[in-house]
Amino acid sequence: DQQVKQNSPSLSVQEGRISILNCDYTNSMFDYFLWYKKYPAEGPTFLISISSIKDKNEDGRFTVFLNKSAKHLSLHIVPSQPGDSAVYFCAAMSSTNAGKSTFGDGTTLTVKP
Amino acid sequence: EAGVTQFPSHSVIEKGQTVTLRCDPISGHDNLYWYRRVMGKEIKFLLHFVKESKQDESGMPNNRFLAERTGGTYSTLKVQPAELEDSGVYFCASSTRSGTGYNSPLHFGNGTRLTVT
């Protein structure tokens with residue numbers, strides 16, 4: 001049973017617009033969340049994270065929002081750029097097992113010029 | 001600093017053969033992880049080393065998979081004998097321990113694409 005779900009396999013947006021990628025989780029023990037970005041033939045790279053004590057974390061064009069009651073987080077990219085086209089993975093960790101990250105299936109974002 | 005390196009980048013073997021994947025983590029990273037992505041699905045945890053010790057191997061599929069990290073440096077993942085369902089991309093990642101109590105975000109290698117025919 002998948003504990004981290006990214007229900008949109010793909011998303012296409014126009015350059016300059018906002019991209020919103022969503023992630024849901026089922027395990028209430030998860031208390032730290034991360035987003036990774038992956039280009040073809042490369043490994044994922046860390047993008048941004050958020051602790052469960054916060055509901056928002058911002059880093060430049062990237063903002064992650066966390067809704068603990070709904071067990072939902074989202075990544076906002078604004079403005080979107082063609083170089084943002086990649087697969088985005090949501091990941092979750094629990095303080096009871098701080099070494100293990102649980103990933104979703106990924107969402108492929110395409111930003112059109 | 002050099003990133004996480006994995007070798008080989010691709011491997012095609014026949015069912016029943018043996019394959020050994022290698023991972024060199026970032027120097028100084030005590031934590032080393034193996035993950036696998038099959039058929040474009042989620043990136044699944046296999047196991048976690050802290051230095052040379054296996055901290056968590058709950059994700060290892062079965063006893064055909066053997067991971068080692070001799071001396072707490074590089075790691076190998078051996079699949080013997082390989083089955084068709086073992087095909088996928090095997091990622092290695094490393095991290096340090098951060099002050100938050102969690103290990104720091106993962107630094108991934110580019111992966112080894114394993115195809116079992």
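This is a predicted model, so every value here is computed, not measured.

Enquirer: Explain the state of the cysteines residue by residue, including any values.
Expert: Residue and element names in this part refer to chain A. Under the counting rule described, the total for this entry stands at 2 disulfides over all chains. Between the sulfur of cysteine 23 and that of cysteine 90 lies a disulfide, 2.0 Å long from S to S. Of note, the bridge from cysteine 23 to cysteine 90 carries an S-S torsion of about -75 degrees and is left-handed in sense. Placement of the pair is cysteine 23 in strand β3 (residues 19-25) and cysteine 90 in strand β9 (residues 86-94), with a sequence separation of 67 residues. Like cysteine 90, cysteine 23 is buried.

Enquirer: Describe the pattern of salt bridges, with residues and values.
Expert: All names here are of chain B. Under the defined criterion, the tally for this structure stands at 8 salt bridges over all chains. A salt bridge links glutamate 83 to lysine 15, with the shortest nitrogen-to-oxygen separation between them at 4.0 Å. Of the two residues, glutamate 83 sits in the loop between β8 (75-79) and β9 (88-95) while lysine 15 sits in the loop between β2 (10-13) and β3 (19-24), which places them 68 residues apart along the sequence. Between aspartate 86 and arginine 64 there is a salt bridge whose closest N-O contact spans 2.5 Å. With aspartate 86 in the loop between β8 and β9 and arginine 64 in the loop between β6 (53-56) and β7 (65-68), the pair connects residues that are 22 residues apart, well separated along the chain. The pair formed by aspartate 86 and arginine 64 is uniform in burial state, with each residue classed as buried.

Definitions and limits used
Residues numbered from 1 in each chain as written. Chains lettered and ligands numbered in written order. Predicted model: local features only at pLDDT ≥ 70, side-chain atom pairs only at ≥ 80, totals over all residues. Heavy atoms only, no water. Disulfide = S-S within 2.5 Å. Helix = DSSP H or I, 4+ residues; strand = E, 2+ residues; numbered from the N terminus. Buried < 20%, exposed > 50% of the residue type's maximum accessible area, 1.4 Å probe, protein only. Salt bridge = Lys/Arg side-chain N within 4 Å of Asp/Glu carboxyl O.

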